[in-house]
Amino acid sequence: MPELPEVETVRTGLEQSLVGRRFDRVEARRPDLRFPIPTDLATRLQGHRVLRVNRRAKYLQIIIDDNSADRTVVILHLGMSGRVNLMPAPDAGPHADLLKHDHLVFDLDDGARMVFNDPRRFGFIALSRESALDDHDYFKDMGPEPLGNAFNAEILSQALKDKDTPIKAALLDQRVVAGLGNIYVCEALYDAGISPKRKARTVAGLRADRLVPAIKDVLQRAIAAGGSTLRDFAQLDGQSGYFQHSFRVYGREGEACLSPGCDKVVKRITQSGRSTFYCSSCQR
Ligand SMILES: [Zn+2]
């Protein structure tokens, strides 16, 4: 499942290819993904240019310059297996045939084609007005962006101070911090030396001072590596991310802990139905 660094990688690619381009033709090739596809998707986008491509948590927000004071925003979520493919303008002849799971097709004014492909269809697309975005159901209860200045040790401590849940579960709660998923929570807790089983309220204070920079650091390193490719994730040009080679605990059950001087192996436990990987000696 794409997490924040993977979505940010897609956003950067879309920004480079889409901003300033006009949608000449938009086609939904089925009525629904995880949710119904807006029936007015084509009519609201065709003939208009892309102004910006933003990201909020794991959601892409494509802002359309549609000559209205309150612009249209396309909200796109990749779900479990969604992929955005960008085919450059063909020198001659038509584009390659569409594939079975190419559900959304966007033809651009420079001849390039953007396709949303999603075999499992947990992804979804929605439309909003720019002014209504912060109050949209997807975003209204969402916590701060982990890479933004609004996410700091004080804010995190405040969010954790009454929580008896394990810190692992608290960090996956999108109201505490937006966009963190299983992989990067495991990695950040390891880097900060904090046990995933520790009660969240005991992380408030000094431990939050260590945890916040660890979260920002792992996300920034993953973005720099083009994200992590586990099953399906690919960048716009089909290339894989390579941060999965830098995991220190995730997916390393039974392998040696990488901290110097530690002779333990990485353990795997299940928390809230998800695998947690950690070192019982280095993380307290
Ligand atoms: Zn260790």
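Bear in mind that the values here come from a model prediction, so they are computed numbers and not experimental data.

Enquirer: How do you make sense of the overall build of the protein when you look at a structure like this?
Expert: On a plain count of helices and strands, the protein comes out with 6 helices and 10 strands. Its C-alpha atoms give the protein a radius of gyration of 20 Å, near enough to 19 Å, the size a compact globule of 284 residues would have. For the protein, the spread of C-alpha atoms along the three principal axes comes to 60 × 40 × 30 Å. Looking at the 284 residues of the protein, the share that counts as buried comes to 49%. In the protein, the share of contacts with a sequence separation of at least 24, taken over all contacts with a separation of at least 6, comes to 65%. Accessible surface computed for the protein: about 13,200 Å², of which carbon and sulfur atoms make up 47%.

Enquirer: Just to check I follow, could you spell out the coordination of the zinc ion for this structure?
Expert: Four donors placed tetrahedrally about a metal ideally form angles of 109.5 degrees, and six donors placed octahedrally ideally form angles of 90 or 180 degrees. Taken together, the protein ligands of the zinc ion are Cys-257 (SG), Cys-262 (SG), Cys-279 (SG) and Cys-282 (SG), with distances of 2.2 to 2.4 Å. The site at the zinc ion holds 4 donor atoms, and with the angles between them running 107 to 113°, its shape is tetrahedral. Expressed as a motif, the donor residue spacing for the zinc ion is C-x4-C-x16-C-x2-C. On the criterion of sequence distance, the pair formed by Cys-257 in the loop between α6 (206-224) and β9 (267-271) and Cys-282 in the segment after β10 (274-278) is long-range, its members being 25 residues apart.

Enquirer: What exactly am I supposed to notice about the sheet that holds strand β5 (residues 83-87) here?
Expert: Through backbone hydrogen bonds, the strands of a sheet pair up, either in parallel or in antiparallel fashion. Taken in spatial order, the 4 strands of this open sheet run β1-β6-β7-β5, and their pairing is antiparallel. In this open sheet, the two strands that pair with only one neighbour each are β1 (23-28) and β5. Strand-to-strand twist across the sheet, computed as the mean angle between neighbouring axes with direction ignored, equals 15°. Bridge count for β1 against strand β6 (residues 102-108) is 5 bridges, and the pairing is antiparallel. Counterpart to Arg-25 in the pairing with β6 is Asp-107. Along the sheet face, helix α1 (residues 4-18) touches β5, β6 and β7 (113-117) and points at about 30° away from the line of β5.

Enquirer: How should I be thinking about the nonpolar core in this particular structure?
Expert: In globular proteins that are soluble, nonpolar side chains generally tend to be buried together. Counting 39 residues, the largest nonpolar core has Leu-156, Leu-160, Ile-167, Leu-171, Leu-211 and Ile-215 as the members making the most contacts within it. Contributions of two or more residues to this core are made by α3 (153-160), α4 (167-172), α5 (182-192) and α6. With near-sequence residues (within four places) excluded, Leu-160 lies in contact with Ile-167, Ala-170, Val-176, Ala-200, Arg-201 and Val-203. The next biggest cluster of nonpolar side chains, apart from the first, holds 30 residues, and it includes Val-26, Leu-41, Val-53 and Leu-76.

Enquirer: It is not clear to me how the side chain of Lys-58 should be interpreted in this structure. Could you clarify?
Expert: Structurally, Lys-58 is set in the loop between β2 (49-56) and β3 (59-65). Buried and unpaired, Lys-58 has Glu-3 as its nearest opposite-charge partner, separated by 5.9 Å. When sequence neighbours within four positions are dropped, the list of residues in contact with Lys-58 reads Met-1, Pro-2, Glu-3, Leu-4, Val-7, Leu-76, His-77, Gly-179, Leu-180 and Gly-181.

Enquirer: What am I meant to see in the pairing of β3 here?
Expert: Regular strands have side chains that alternate between both faces of the sheet. Along β3, 6 of the 7 residues are buried, which leaves the element largely enclosed by surrounding structure. In this structure, β2 lies alongside β3, joined through 7 bridges in antiparallel fashion. Along β3, the bridge assignment pairs Asn-54 with Gln-61. Connecting β2 to the next strand, β3, in antiparallel fashion are 2 residues, including Ala-57 with a positive phi near 55°. As paired elements, β3 and strand β4 (residues 72-77) share 6 bridges and run antiparallel to each other.

So, how was this worked out
Residues numbered from 1 in each chain as written. Predicted model: local features only at pLDDT ≥ 70, side-chain atom pairs only at ≥ 80, totals over all residues. Heavy atoms only, no water. Helix = DSSP H or I, 4+ residues; strand = E, 2+ residues; numbered from the N terminus. Rg over C-alpha atoms; globule rule 2.2 N^0.38 Å. Buried < 20%, exposed > 50% of the residue type's maximum accessible area, 1.4 Å probe, protein only. Contact = heavy atoms within 4.5 Å. Areas by Shrake-Rupley, 256 points an atom, 1.4 Å probe, with all protein chains shown as cover. Donors = N, O, S within 2.8 Å, 3.2 Å for Na, K, Ca; no water. Tetrahedral: all angles 85-135°; square planar, octahedral: opposite > 155°, others 65-115°. Pairing = 2+ DSSP bridges. Axes fitted to C-alpha atoms, helices over the stretch in contact; angles between N-to-C directions. Core = buried A, V, L, I, M, F, W, Y, C linked by side-chain atoms within 4.5 Å. Lys, Arg positive; Asp, Glu negative; His and termini not counted. Salt bridge = Lys/Arg side-chain N within 4 Å of Asp/Glu carboxyl O.

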